[in-house]
Every structure is written in C-alpha cells, then in structure tokens.
Amino acid sequence: MIQAQVGWFKGFRFPQEVILQTVFYKLRFSLSYRDVEELLFLCGVIIDHSTIQRWVNHFSPLLNTELNKRKKRVGLSWYMDESYIKVNGKWVYFYRAVDKQGQTVDFYLSENRDKKAALTFFYKAFANNGIPEKVTIDKSGANIAALDQINEDYTNNGEIIRIEKRCHRYLNNRIEQDHRFIKIRTNPMLSFKSLSSAKNTLSGFELIRMIQKQQVINGNGMSNWQVFKSLDA
C-alpha cells in the first residue's frame, strides 16, 4: 500500500522520494531537463521533462527557505558583487555575497542594476543573516550609494551601527571566484524563459552550493543528498 503524501507533497502523483531525487539530480549536476528525464527512464521511472521543470520551480524555493532556518551563522565581513544571467534573451543581474570564509551569505535576482536593487539585496541579506561589520564591493556607484544610504538611515534612527565600506576592485576576487559554480549550472541552459523561473531555479543552485559548503547545522558527516533530503521535514 502506497503511503499518502503529506505536507509539501500532498496532491502529487509521484512518491516524495522520487520527486526529491529528481529535483536533486537537476540542481546538483549539469544536466538538462531532458537529460534528467532520460536518466530516470533508465531507472524505470517515466516522467516528462516539463513535469521535472515544474517540480524544480515549485520545490527549490521551499527547500531554500527551510535551509535558511538551519543555516549556520556567517561571518561579519562580507564580499558582495553582481553576476549576469540571461532571462528570455535579456541580461539581468544576480546579486550575491559571501563571507571571509567563502560561506554564502545571500543572493537576489534583479532586472536592474541600480541603488534600489542593491538596497533590496542588502536588506534581504540583513534579514536572513544579521548586519555585518564591513562589506567589500567593487567601485559600482549603485552599491556605494546603497551602503551610504543604509548607514545614513541607521544614524538617523539613532542606532549605533555603521557598516564599514571597502571599495576596491581586486579585494573582491573572493566573491568573483564563487560565481563560477553558478555559471557552471547556468551556462549550459542558454537562457531562462521567465524571471520567476530563473529566481526559483537559482535558489535551488544556491541551495546545493550551501550544502556543499557544509552550511547546514547538523549536516556534517552527511552526504549532500542526505542533507538535501533532510530539508523536506
């Protein structure tokens, strides 16, 4: 007798284990959706590639939210930069930050590269990780303006918080090197069809990257798959 699906998986035809393993294959390895479809077929599981895509879009944000609840604290020195992702034939901006040890801090996808986008990224990162002591950025005017605005707002609110801002192109190699994992995942895809699809899939790629970096509490000694699977609880 097949056990009834519960929680996230209620209403889905396939068992929880199959869904999770399928999503893991796509996020962990440089495979197209059709590649994953063929791989599953060889294992005796018949799933259309469009269904796999829907699963990745649906479950990646849920798993990422769960990981954030179990994420180890990052350091107080951050390195922030933007990378480029193609969505529907247009380049958009993927904001990312890591700490001094290379641990992923946060990420944010935006159609624009401006002060508003940088502020949105920083406040998202602060909400999930706390406020850093210093942030290293390149000489982007938008990022500089955003940090200046944040420091001004804290001062005006009477808070004794001031984030040290370091602007130097070559000091930011740490985050630029970390972009490589995301590029390895996205380059074979050529382009996402929509911004929402890109956001969901990228959250899954970042999820896998944080698991590989052992950023999940109580995840040491477990395989990447075991940690990934544990997030559905």
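These numbers were taken from a predicted model, which means no experiment stands behind them.

Rules and cut-offs
Residues numbered from 1 in each chain as written. Predicted model: local features only at pLDDT ≥ 70, side-chain atom pairs only at ≥ 80, totals over all residues. Heavy atoms only, no water. Pairing = 2+ DSSP bridges. Helix = DSSP H or I, 4+ residues; strand = E, 2+ residues; numbered from the N terminus. Axes fitted to C-alpha atoms, helices over the stretch in contact; angles between N-to-C directions. Buried < 20%, exposed > 50% of the residue type's maximum accessible area, 1.4 Å probe, protein only. Contact = heavy atoms within 4.5 Å. Expected span 1.5 Å × (residues − 1). Parallel < 35°, antiparallel > 145°, perpendicular 65-115°, else oblique. Left-handed = near helix turned anticlockwise from the far one by under 90°. Nonpolar A, V, L, I, M, F, W, Y, C, P; charged D, E, K, R; others polar.

### Overview of the sheet that holds strand 3 (residues 104–110)
Part 1 of the argument: Ordered in space as 3-2-1-4-5, the five strands form an open sheet in which the pairing is mixed. In the strand order of this sheet, the two ends are held by strand 3 and strand 5 (164–167), each with one partner. Averaged over all adjacent pairs, the angle separating strand axes in this sheet is 25°, with direction ignored.
Part 2 of the argument: Of the pairings in the sheet, the one linking strand 4 (residues 134–137) to strand 5 comprises four bridges and is parallel in character. In the sheet register, Thr136 faces strand 5, and the bridge partner there is Arg166.

### Comments concerning unusual backbone geometry
Part 1 of the argument: Non-glycine residue Gln214 carries a positive phi angle of around 60°.
Part 2 of the argument: With respect to the secondary-structure elements, Gln214 resides in the loop between helix 7 (195–212) and helix 8 (224–230).
Part 3 of the argument: For Gln214, a relative accessible area of 47% translates into the label partly exposed.
Part 4 of the argument: Notably, Asn218 is not glycine yet its phi reads approximately 65°, a positive angle.
Part 5 of the argument: Tracing the sequence through the fold places Asn218 in the loop between helix 7 and helix 8.

### A short note on the environment of Lys124
Part 1 of the argument: Relative to the helices and strands, Lys124 resides in helix 4 (residues 115–129).
Part 2 of the argument: Under the relative-accessibility criterion, Lys124 is labelled partly exposed at 30%.
Part 3 of the argument: In contact with Lys124, not counting residues within four places along its chain, are Asp106 and Phe107.

### As for the environment of His168
Part 1 of the argument: Tracing the backbone shows His168 in the loop between strand 5 and helix 6 (173–186).
Part 2 of the argument: Overall, the relative accessible area of 36% leaves His168 in the partly exposed class.
Part 3 of the argument: Sequence spacing of His168 and Asp138 is 30 residues, and the spatial spacing of their C-alpha atoms is 5.2 Å.
Part 4 of the argument: Setting aside chain neighbours within four positions, we find His168 in contact with Ile137 and Asp138.

### Structural notes on helix 6
Part 1 of the argument: Given a rise of 1.5 Å per residue, 14 residues ought to cover 20 Å, and the 20 Å separating the end C-alpha atoms of helix 6 matches this to within 8%.
Part 2 of the argument: Every buried residue of helix 6 is accounted for by Ile175, Asp178, His179, Phe181, Ile182, Arg185 and Thr186.
Part 3 of the argument: Packed against the buried residues of helix 6 are helix 1 (16–28), strand 1 (77–87), strand 2 (90–99), strand 3 and helix 7.

### Some words on the packing of helix 1 against helix 2 (residues 33–42)
Part 1 of the argument: Contact geometry for helix 1 and helix 2: axes closest at 10 Å, N-to-C directions at 135°. Here helix 1 is positioned oblique relative to helix 2, judged by the angle of their axes. The two elements helix 1 and helix 2 cross, and the hand of that crossing is right-handed. Contacts between helix 1 and helix 2 involve Thr22, Tyr25 and Lys26 from the former and Tyr33, Val36, Leu39 and Leu40 from the latter.
Part 2 of the argument: Class assignment for the residues of the contact of helix 1 with helix 2 results in five nonpolar, one polar and one charged.

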